[in-house]
Amino acid sequence: DVKVTQSSRYLVKRTGEKVFLECVQDMDHENMFWYRQDPGLGLRLIYFSYDVKMKEKGDIPEGYSVSREKKERFSLILESASTNQTSMYLCASSPFDGRGYNEQFFGPGTRLTVL
Amino acid sequence: GEDVEQSLFLSVREGDSSVINCTYTDSSSTYLYWYKQEPGAGLQLLTYIFSNMDMKQDQRLTVLLNKKDKHLSLRIADTQTGDSAIYFCADQGNNDMRFGAGTRLTVKP
């Protein structure tokens, strides 16, 4: 059974703190993604990675960075958390598929509150 | 950038059909997906359609694609209370995957 796990379901942090969100997949997928989900806005892509040590900016990378040192792990880092980063964060992974088919497998999400 | 739009809410009675609509703008779309998100969970793929198809049926689910109008719909027949969830349309173009805002389906007994 395919699995994407995220380190925390709920997280409360203070403004200015450095925050690490961890994501691990056990499917040997090449691609990994970080999204944030906000009501009425759907999913917005923050960063993605298509290989170890590779990263690409998504639509809203400002205020975030990522790290992918191992294939199975993709970390999202908030260098200095701000209240407007309060959101649900979803991690996803997908295999490389030469046909272009790109089913993404999602983790359960981390609800981050920044006070 | 390219957009994917869908209505935010839909409410139906148990046993009725539900139709969730989605429009997209990317003319290079290859695959279009429907994901389901149940409360407290991540998204899970429900079904998908390749861009050269106009219809796909899978048990209670029917996906219709009008490529000319860039319109995608998901029909759920005999809707059950367990179908209550948020449904996301996603459009895969050449470079990336774009998600709609999600349609919250509420099924009333």
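Residues numbered from 1 in each chain as written. Chains lettered and ligands numbered in written order. Predicted model: local features only at pLDDT ≥ 70, side-chain atom pairs only at ≥ 80, totals over all residues. Heavy atoms only, no water.

## Some words on the environment of Asn52 of chain B
Relative to the helices and strands, Asn52 of chain B is located in the loop between β5 (43-50) and β6 (55-58). In this structure, the C-alpha to C-alpha distance between Asn52 of chain B and Arg13 of chain B, residues 39 residues apart in sequence, is 33 Å. (Helix = DSSP H or I, 4+ residues; strand = E, 2+ residues; numbered from the N terminus.)

## Points about the interface of chain B and chain A
In this complex, chain B contributes 18 residues to the contact, which on the side of chain A involves 18 residues. Buried surface at the junction of chain B and chain A, summed over both partners, amounts to about 1,500 Å²; 54% is from carbon and sulfur atoms. By the criterion of area lost to chain A, the three top residues of chain B are Tyr31, Leu43 and Phe99 of chain B, representing 28% of everything that side buries. Across the chain B-chain A interface, the total number found is 1 salt bridge. Its salt-bridge partner being Asp59 of chain A, residue Arg98 of chain B comes within 3.0 Å of it at the nearest N-O pair. Seen at the junction of chain B and chain A, the total is 6 residue pairs in polar contact (both at pLDDT 80 or more). Put simply, the parts of the chain that give the side of chain B that touches chain A at least two residues each are β4 (31-37), β5, β9 (85-92) and β10 (97-99) of chain B. Classifying every residue of the side of chain B that touches chain A by side-chain character gives 12 nonpolar, 5 polar and 1 charged. (Contact = heavy atoms within 4.5 Å. Buried area = accessible area lost by both parts, 1.4 Å probe. Salt bridge = Lys/Arg side-chain N within 4 Å of Asp/Glu carboxyl O. Polar contact = N/O pair within 3.5 Å; in protein donor to acceptor, adjacent residues only side chain to side chain. Nonpolar A, V, L, I, M, F, W, Y, C, P; charged D, E, K, R; others polar.)

## As for the environment of Gly42 of chain A
As for its position among the elements, Gly42 of chain A is in strand β5 (residues 42-49). Those residues within four positions of Gly42 of chain A in sequence are excluded, and the remaining contacts are Arg36 and Gln37 of chain A together with Phe88, Gly100 and Ala101 of chain B.

## Notes on the packing of aromatic side chains
According to the stated counting rule, one finds 13 aromatic pairs over all chains in the structure shown. With centroids separated by 5.6 Å and ring planes inclined at 80°, the aromatic side chains of Phe106 of chain A and Tyr35 of chain B adopt a geometry described as edge-to-face. One end of the pair, Phe106 of chain A, is in strand β10 (residues 105-106); the other, Tyr35 of chain B, is in strand β4, on a second chain. The pair formed by Phe106 of chain A and Tyr35 of chain B is uniform in burial state, with each residue classed as buried. When the centroid spacing of 6.4 Å and the interplanar angle of 40° are considered together, the rings of Tyr33 of chain B and Tyr48 of chain B count as tilted. (Phe/Tyr/Trp six-rings, centres within 6.5 Å; stacked < 30°, edge-to-face > 60°. Buried < 20%, exposed > 50% of the residue type's maximum accessible area, 1.4 Å probe, protein only.)

Geometric descriptors of this kind do not, in isolation, establish any biological role.
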